[in-house]
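# Understanding the architecture of this molecule
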Amino acid sequence: LIPHFTGEKSNGKDYIDIGVKTDNQRQKVTRWRLFSTLASMKNGKFFLLVPKGHKAFVARILKQHEIKAELINI
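Residues numbered from 1 in each chain as written. Predicted model: local features only at pLDDT ≥ 70, side-chain atom pairs only at ≥ 80, totals over all residues. Heavy atoms only, no water.

All chains considered together, the criterion is met by two aromatic pairs. Ring centres 6.2 Å apart and planes at 5° place the aromatic pair Tyr15 and Phe35 in the stacked group. Of this pair, Tyr15 sits in strand E2 (residues 12–18) while Phe35 is found in helix H1 (residues 25–41), placing the two residues 20 residues apart along the sequence. Relative accessible area serves as the criterion here: at 1%, Phe35 is assigned to the buried category. On the basis of an interplanar angle of 55° and a centroid distance of 6.0 Å, the ring pair of Phe35 and Phe46 is categorised as tilted. Within this pair, whereas Phe35 is found in helix H1, its partner Phe46 is found in strand E3 (residues 46–50), the two being separated by 11 residues in sequence. In this structure, Phe35 and Phe46 share a single accessibility class: buried. A connected cluster of aromatic rings, assembled from ring pairs, spans Tyr15, Phe35 and Phe46. (Phe/Tyr/Trp six-rings, centres within 6.5 Å; stacked < 30°, edge-to-face > 60°. Helix = DSSP H or I, 4+ residues; strand = E, 2+ residues; numbered from the N terminus. Buried < 20%, exposed > 50% of the residue type's maximum accessible area, 1.4 Å probe, protein only.)

The next thing to look at is H1. Given a rise of 1.5 Å per residue, 17 residues ought to cover 24 Å, and the 24 Å separating the end C-alpha atoms of H1 matches this to within 8%. Listed as buried for H1 are Lys28, Val29, Arg31, Trp32, Phe35, Ser36 and Ala39. On its buried face, H1 sits against E2, E3 and helix H2 (55–64). The first or second residue beyond H1 is Asn43, which carries a positive phi of 55°. (Expected span 1.5 Å × (residues − 1). Contact = heavy atoms within 4.5 Å.)

Applying the stated criterion across every chain, the model contains three salt bridges. Salt-bridge contacts for Asp14 lead to Lys9; the nearest nitrogen and oxygen are separated by 3.7 Å. On the basis of relative accessible area, Lys9 is assigned to the partly exposed category, the value being 40%. Among the ionic pairs, Arg31 bridges to Asp17, the shortest N-O distance being 2.8 Å. (Salt bridge = Lys/Arg side-chain N within 4 Å of Asp/Glu carboxyl O.)

That is the geometry; function is a separate question.
Below, the structure written as structure tokens:
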């Protein structure tokens, strides 16, 4: 799995993905859980870019599966 964007800083690595509604929630959960874990292992953060109209769906998925991510509205 490859995130949409990554960013490196002197002390860590951030992972950035795009959060949109989908019928295949299991795939999104697996993907986001992996990126969240990688970010915490590498002293970084996991960010989700969320288009208007998708925020409630993404927030609900993150809360249900206890995934650490920062939402950014686009």
